[in-house]
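The chain contents come next:
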Amino acid sequence: MAQLKKLQAQTEIKSSADKFYEILRSKAYLIPKICPNYVKDIRVLQGDWDTVGSLRVWTYVAGNSETVKETMEAIDEKSRRITFNMLEGEIMNYYKSYKLSMEVASMGKGSLVKWTVEYEKQNEEISPPHKYLEFLVNFSKSIDAYLLTNKAEHQFDE
């Protein structure tokens, strides 16, 4: 029987936990503008940008250009945690299940972003999803750089 496995990655950022969380929580539509090297497009298929159960399709670059259909499964405002469940896309060729959680905590003058992936491989020859965690760390740093560069604006360009 296959086993659910877990990987984690974390990165320190200099921007506020609230601002970083806000981007992923309710302003994901800005992400292709914020980090075009990592995310090319995000579209809502069902629901909206910030409601549990909403269905979205991301086109992103993790080595190759890929797409993934995901649903926002859970939101915890208090701990600034969002859980996404991947439903379709290239990633599902390798994993039977793939759930991603992001949590951001204030830390000194900056924040700590923690990504957790729970996955089940399609078969034992499949590698753990290290490239996707590396993508998420770089993606986080790109959002951080944007927030720091645009600090004075605090209202995001739509």
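Calculation criteria
- Per-chain numbering applies: the sequence of each chain, read as written, is numbered from 1 onward.
- Restriction of local features to residues with pLDDT of at least 70 applies here, the model being predicted, together with a cutoff of 80 or more for giving and counting side-chain atom pairs; totals for whole chains, interfaces and linings are based on all residues.
- Side-chain numbers here rest on the full set of heavy atoms in the structure, without hydrogens or water.
- Runs of H or I in DSSP of at least four residues are treated as helices and runs of E of at least two as strands, each being numbered from the N terminus.
- When checking whether two residues touch, look at their non-hydrogen atoms; a contact exists if any pair is within 4.5 Å.
- For this analysis, a polar contact is any N or O atom pair within 3.5 Å, provided that within protein one partner can donate a hydrogen and the other can accept it, and provided that sequence-adjacent residues contribute only side-chain to side-chain pairs.
- For every residue, the pLDDT score states the predictor's confidence, bounded by 0 at the bottom and 100 at the top.
- One fewer than the residue count of a helix, multiplied by 1.5 Å, yields its expected span.
- Note on classification: 1.4 Å probe, protein chains only; a residue is buried when its accessible area is under 20% of the maximum for its type, exposed when over 50%, partly exposed between these limits.
- For this analysis, a ring pair means two rings from Phe, Tyr or Trp (six-membered ring only for Trp) whose centres lie within 6.5 Å, classed as stacked if their planes differ by under 30 degrees, edge-to-face if by over 60, and tilted for the remaining angles.
- Strands are labelled as partners when DSSP assigns at least two bridges between them.
- Buried and open spaces are told apart on a 1 Å grid over the protein atoms alone, a cavity being a set of points where a 1.4 Å probe fits but cannot get out and a pocket being an open set with protein on both sides within 12 Å along at least five of seven lines. Residues with an atom within 4 Å of a point are the lining residues.
- Grid points are joined across faces, edges and corners, and a volume is the space filled by probe spheres set on the points.
- In this count, Pro and Cys sit with the nonpolar residues alongside Ala, Val, Leu, Ile, Met, Phe, Trp and Tyr, while Asp, Glu, Lys and Arg are called charged and the others, Gly among them, polar.
- What is meant by a nonpolar core is a set of buried Ala, Val, Leu, Ile, Met, Phe, Trp, Tyr and Cys residues, joined one to another through side-chain atoms within 4.5 Å.
- To get an axis, a line is fitted to the C-alpha atoms, and for a helix only the part in contact is used. The angle between two axes follows their N-to-C directions and goes from 0 to 180 degrees.

Engineer: I'd like a description of the environment of K121, backed by residues and values.
Structural biologist: Relative to the assigned elements, K121 resides in strand β7 (residues 110–121). Separated by 25 residues in sequence, K121 and K96 place their C-alpha atoms 5.8 Å apart. Discounting residues that sit within four places of it in the chain, K121 has contacts with K5, Y94, Y95, K96, I126 and S127. At a separation of 3.0 Å, a polar atom in the side chain of K121 contacts the main-chain carbonyl oxygen of I126.

Engineer: Please set out the confidence of the model for the protein chain residue by residue, giving values where relevant.
Structural biologist: In the predicted model, the protein chain carries a mean pLDDT of 93, and the fraction of residues at 70 or more is 94%. When the criterion is pLDDT under 50, residues 154–158 qualifies, and its contacts beyond four places in sequence or with other chains add up to 13 contacts.

Engineer: Account for helix α3 (residues 130–149), with residues named and values stated.
Structural biologist: Here α3 contains 20 residues, and its C-alpha end-to-end distance of 29 Å stays within 8% of the 28 Å for a straight helix at 1.5 Å per residue. All of the buried residues along α3 are Y132, L133, F135, L136, V137, F139, S140, S142, I143, D144, Y146 and L147.

Engineer: Lay out the packing of aromatic side chains with the relevant residues and their values.
Structural biologist: By convention here, two paired aromatic rings are described through the distance between centres and the angle between planes. Per the counting criterion, the structure on display carries 10 aromatic pairs. Ring plane angle 70° and centroid distance 6.4 Å describe the contact between W58 and F139, whose orientation is recorded as edge-to-face. Taken together, the residues W58 in strand β3 (residues 55–62) and F139 in helix α3 connect sequence positions 81 residues apart. The same class applies to W58 as to F139, namely buried. Feature note: the residues Y38, W58, Y60, W115, F135 and F139 constitute an aromatic cluster, connected by ring pairs.

Engineer: Describe the pairing of strand β5 (residues 81–89), listing the residues and the values that go with them.
Structural biologist: Sheet analysis places strand β4 (residues 64–76) next to β5, joined by 8 bridges and oriented antiparallel. Counted as the bridge partner of T71 is N85 from β5. Hairpin remark: β4 followed by β5, antiparallel, with 4 residues in the connecting loop; positive phi at R80, about 55°. One ladder, built from 5 bridges, connects β5 with strand β6 (residues 95–107); its direction is antiparallel. By the bridge assignment for β6, N85 is matched with K99. Between the antiparallel neighbours β5 and β6 lie 5 residues.

Engineer: Describe empty space enclosed by the protein, listing the residues and the values that go with them.
Structural biologist: Inspection of the entire model under this criterion finds 3 cavities of 30 Å³ or more. In this structure, the largest cavity occupies an estimated 240 Å³ of space. V68, M86, L100, F135 and L136 are the residues nearest the centre of the largest cavity, which is lined by 15 residues in total. Contributions of two or more residues to the lining of the largest cavity are made by β3, β4, β5, β6 and α3. Element by element, the count of residues in the lining of the largest cavity is highest for α3, at 4 residues. Among the residues making up the lining of the largest cavity, the classes are represented as 14 nonpolar, no polar and 1 charged.

Engineer: Residue-level account of the nonpolar core, with values.
Structural biologist: Taken as a class, soluble globular proteins show a tendency for nonpolar side chains to be buried jointly. Counting 44 residues, the largest nonpolar core has I31 and F139 as the members making the most contacts within it. No other element matches the 9 residues that α3 contributes to this core. Residue contacts for I31: discarding those within four places in its chain leaves I23, L24, P36, V39, I42, W58 and F139.

Engineer: Account for the sheet that holds β4, with residues named and values stated.
Structural biologist: Neighbouring strands of a sheet are bound in pairs by backbone hydrogen bonds; such pairs are parallel or else antiparallel. One open sheet accounts for 7 strands, arranged β1-β7-β6-β5-β4-β3-β2; its pairing is antiparallel. The open sheet is flanked by β1 (5–13) and β2 (39–46), the only strands paired with a single partner. Each strand of the sheet is rotated relative to its neighbour by a mean of 25°, with strand direction disregarded. Here helix α1 (residues 17–26) sits on the sheet and contacts β1, β4, β5, β6 and β7; the angle it forms with β6, its principal contact strand, is near 150°. Of the strands in this sheet, β1, β2, β3, β4, β6 and β7 are in contact with α3, which crosses β1 at around 25°.

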